[in-house]
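Coordinates in review
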Amino acid sequence: MIPARYGASRFPGKLMQDLGGKPVIVRTYEAAKATNLFDEVYVVTDSAIIFSEIELYGGNAIMSIKEHDCGSDRIAEAVENMDVDIVVNVQGDEPFTSKEGLEQVLKVFKEADADKIDLASLMTEIHDWKEISDPNCVKVIVDKDSFAMYFSRSPIPYPRDKNAAVQYYKHKGIYAFRKQALMDFYRLPMRTMEAAEKIECIRYLEYGKNIKMAISNTQGIEIDTPEDLMRANKVLKEEQKDTVNNKYRNFPMVPKVVFGQGSFDQLSSILAPQRKDKAPFIFLIDDVFKGDKTFMDRINLRFNDKLIFISAEEEPKTTQVDQIVKDIKAEFTYKPSGIIGIGGGTVLDMAKAVSIMLNNKGNAADYQGWDLVKNKAVYHVGIPTISGTGAEVSRTTVLSGPVKKLGINSDFTPFDQVILDPELTTGVPKNQWFYTGMDCFIHCVESLNGTFLNAFSQSYGEKAYDLCHEIFVEGNMDEAEARGKLMMASWHGGMSIAYSQVGVAHAMSYGLSYVLGTKHGIGNCIVFDHLEEFYPNDVVLFKQMVKKHDITIPKGLCANLSEEQINTMIDIALSLVPLWENALGDDWERIMTRERLKELYLKM
Ligand code: NAD
Ligand code: ZN
C-alpha cells in the first residue's frame, strides 16, 4: 500500500512532480511493483489527480473515503475489507525504495519469533552527530532481539559517557503490519507520547504492541523539498545510463609492464614466481607465429604448459572463449597458473576473456557489458605483436556474442603484466600496420573531441596523437624507433579512452563488424573516411596519411545490403549509448537519427 496525499505541507503537490518523465508517485508505484515481493500493489490517495494518473499508467489505485491524519489510517481504511495477512506501507515520496529494504522487513515474519510480531519496520545505522541530534531524524532503540523500545526525535540513548560505543539508528518509514495491528491502530486514540513527539509508531508501543526492527543500510532519497527532487532526477539519470562514465571513475591499471627491444626474453623469469606447482601456463598465440621456430624457441615451455594457436582471421567470439575454457578445464585437473596472450588485439582480448571465464560461472556472453564480472580473473599476461588497439592496457575485451558485440568491461579485465617489446611487431604487413595504427589515431581523435574529455584523458590522448603524427604524417625516423613509438602511442591511446570514451567511428564500425564481420582496424578506417562533418580536420589529415602510405580503403561495402542488414547495423551502432554521448553530448539522439546513420552507411 502506498499512501499518497496530494497536499504535503513542505512541498505541495510533490507526488505529481516530474521525475525523469513520470510523476514521483508513478515512479514509486513502479519501483514497488518491480520488486516482485507483493501479490498486489495499490496507491491509496485522497486526490482525484493522483488516482487517475496511476490508472493512466495501468496501476491500481484506491480513493480514500475519509479524511485521515496519517498514512496508516489511510491504509487501514483501504484494507479493512480486503483478505490480507500482511500489509506493507511504502512511502509515496520514496521513488527509490529498494527491494533489499522491503525484503528485510518481510523476512522477519519467517523467523522463529514471528508469532510475537505485530508489525515490523526498518532502521538504518547513523554516525554523524548532526544527524543524530537533528529532530527531523527519528531515532529508534531496540532490545537484544531487535524489538523497538522507543522512538524519539531526541538522541537516544543520551551519550553521557562519550566513550561508550553506541550505535545510533534512524527509523525509516517503511512498515509491514499484520492486518490486525493495523486495524487496531486505526481504532485506538492517540496518546500523549505520540502527540508530543509527533511520531505515529509510538502509538503501537503505547498500546503494548511488538515492533520488530530490521536493518537496511541502502539509502533511498525521500522527496521532501525541491532540492531533493533535483537530486533524485540526477540519480535517476545516472541509473538509466549504462554505469559508465557517469562518476569519477576508479579503475585499475596494468600493475606491471616491461618495455624494450628484446624484453620478450624476460618472459620465463617473469612467469617463474607465478607458477603454481602442477598448474600449467596456457599460451594463446596468434597463429601467424605457428611456423616461426626462432620465435617459438624463445618461449621456454615447461612440461605441462600448453600452446593454443589462435587465428586472428575473425574477431573473437564469446563461443570461442567458452570452448577454450571448456577444453582447458577438461584437460587439466588444476586451474592454470596463468594465461599468456601473444598477438594483436584479437589474441589479447581472447586471453583476457579466457582468464576471466576460468574463474566465473556461465558463458562469456553473460558478462558482456559493464561491471558484470564477479570473481577475479586468473593471472594473465599480455604481449602485443602489433600496435594500435590499446587492448594491452584497456579494461575491456571486445567480443562478438549471440546478440551483441560488446566488451566485458570490468576491473578484473586488465592484464596483471604486460611485456612491450617493439621488435615483436617487425613482421606486421604494411596494410595491417596502418589499419591498427589508425585505430590508435582514431582513439585519440574521438577522445580529444568528446564531451567526456578531461585533463587525465587529454594528457594521454595528446601524447598519443602527437606520436601518431610523427609516425604516420612526418615519417622521418628509422623503423625501429617508429615501432617503439607506435607501441607507446597504442598504450597512451588506450589510457586516454579509459578515462573518456570513443565516438562516432567506433560506434559505426561495431555495426559494420557485427553484420559484415569487418575487422576493427579496417572498419574504423572505412567509417572514419566519411566522418568529416564530425571530425573535420582529422579526417583531412587521415586522408593525407592514406595517400602518403598508399593504402586503399575498401569502398562499396554497404551498397548491396538488405534493408534488414542495414537495420541491424543501425541497431548495433545506436545501442552503444556511452559512445554517442561522448561524441555528441546528451542530445545525441536528436542529432544521430536512424535516417542519418543509414545515409552515412550507404556511402561506405
Ligand atoms: P589482430 O589481432 O586482429 O591482428 C591483425 C592481423 O595481424 C592478423 O592477421 C594477425 O595474424 C596479424 N599479426 C599480428 N601480429 C603480427 C606480427 N607481429 N607479424 C605479422 N602479422 C601479425 O589486429 P588488431 O588490430 O591488433 O586487433 C583487432 C582486435 O582488437 C579486434 O578484435 C578489436 O575488437 C580488438 N580491440 C580491442 C580493444 C580493447 O580495448 N580490448 C581495443 C581496440 C580493438
Ligand atoms: Zn578501437
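Here we summarise the structure given alongside this text. Just so it is clear, the structure is predicted and the values come from calculations on it, not from any experiment.

1. As for a positive patch on the surface
- A contiguous patch of positive charge on the surface is contributed by Lys 276, Lys 329, Lys 335 and Lys 376.
- Its location among the elements puts Lys 376 in the loop between β16 (369-370) and β17 (380-384).
- For Lys 376, a relative accessible area of 57% translates into the label exposed.

2. Examining the environment of Ile 566
- Note on placement: Ile 566 falls in helix α20 (residues 563-574).
- Taking the C-alpha atoms as reference points, Ile 566 and Glu 194, separated by 372 residues in sequence, lie 67 Å from one another.
- When near neighbours in sequence (up to four residues on either side) are disregarded, Ile 566 contacts Leu 561, Lys 598 and Leu 602.

3. Side note on the environment of Val 24
- If you trace the backbone, Val 24 turns up in helix α1 (residues 24-34).
- Distance in space between the C-alpha atoms of Val 24 and Gly 92 is 7.8 Å, their sequence separation being 68 residues.
- Residues in contact with Val 24, not counting those within four places in the same chain, are Lys 14, Leu 15, Gln 17, Leu 19, Gly 92, Asp 93, Pro 95, Ile 223 and Leu 229.

4. Digging into the sheet that holds strand β5 (residues 61-63)
- Taking strand neighbours across the sheet as the criterion, the 3 strands line up as β1-β4-β5 in an open arrangement whose pairing is parallel. The open sheet has two edge strands with one neighbour each: β1 (2-4) and β5. Here the average twist between neighbouring strands, direction ignored, is 25 degrees.
- Where strand β4 (residues 43-45) and β5 come together, 3 bridges link them in parallel fashion. Note on β5: the bridge partner recorded for Val 43 is Ala 61.

5. With respect to the packing of aromatic side chains
- Applying the stated rule across the entire model yields 19 aromatic pairs.
- Ring centres 4.8 Å apart and planes at 45 degrees place the aromatic pair Phe 456 and Tyr 499 in the tilted group. In this pair, Phe 456 is assigned in helix α15 (residues 455-474) and Tyr 499 in the loop between α16 (479-498) and α17 (504-516), connecting sequence segments 43 residues apart.
- Judged by relative accessible area, which is 17%, Tyr 499 ranks as buried.
- Cluster of aromatic residues (ring-pair linked, three or more members): Trp 433, Phe 434, Tyr 435, Phe 441, Tyr 465, Phe 472, Phe 528, Tyr 535 and Phe 542.
- When the ring centre of Phe 185 is taken as origin, the NZ or CZ atom of Arg 203, which lies over that ring, is 4.0 Å away.
- Lying over the aromatic face of Tyr 510, Lys 405 brings its terminal NZ or CZ to 5.8 Å of the ring centre.

Quick notes on the rules
Residues numbered from 1 in each chain as written. Chains lettered and ligands numbered in written order. Predicted model: local features only at pLDDT ≥ 70, side-chain atom pairs only at ≥ 80, totals over all residues. Heavy atoms only, no water. Patch = residues over 30% accessible without salt bridge, like charges linked within 9 Å, V, L, I, M, F, W, Y side chains within 5 Å. Areas by Shrake-Rupley, 256 points an atom, 1.4 Å probe, with all protein chains shown as cover. Salt bridge = Lys/Arg side-chain N within 4 Å of Asp/Glu carboxyl O. Lys, Arg positive; Asp, Glu negative; His and termini not counted. Charge placed at Lys NZ, Arg CZ, Asp CG, Glu CD. Helix = DSSP H or I, 4+ residues; strand = E, 2+ residues; numbered from the N terminus. Buried < 20%, exposed > 50% of the residue type's maximum accessible area, 1.4 Å probe, protein only. Contact = heavy atoms within 4.5 Å. Pairing = 2+ DSSP bridges. Axes fitted to C-alpha atoms, helices over the stretch in contact; angles between N-to-C directions. Phe/Tyr/Trp six-rings, centres within 6.5 Å; stacked < 30°, edge-to-face > 60°. Lys NZ or Arg CZ within 6 Å of the ring centre and 35° of its normal.

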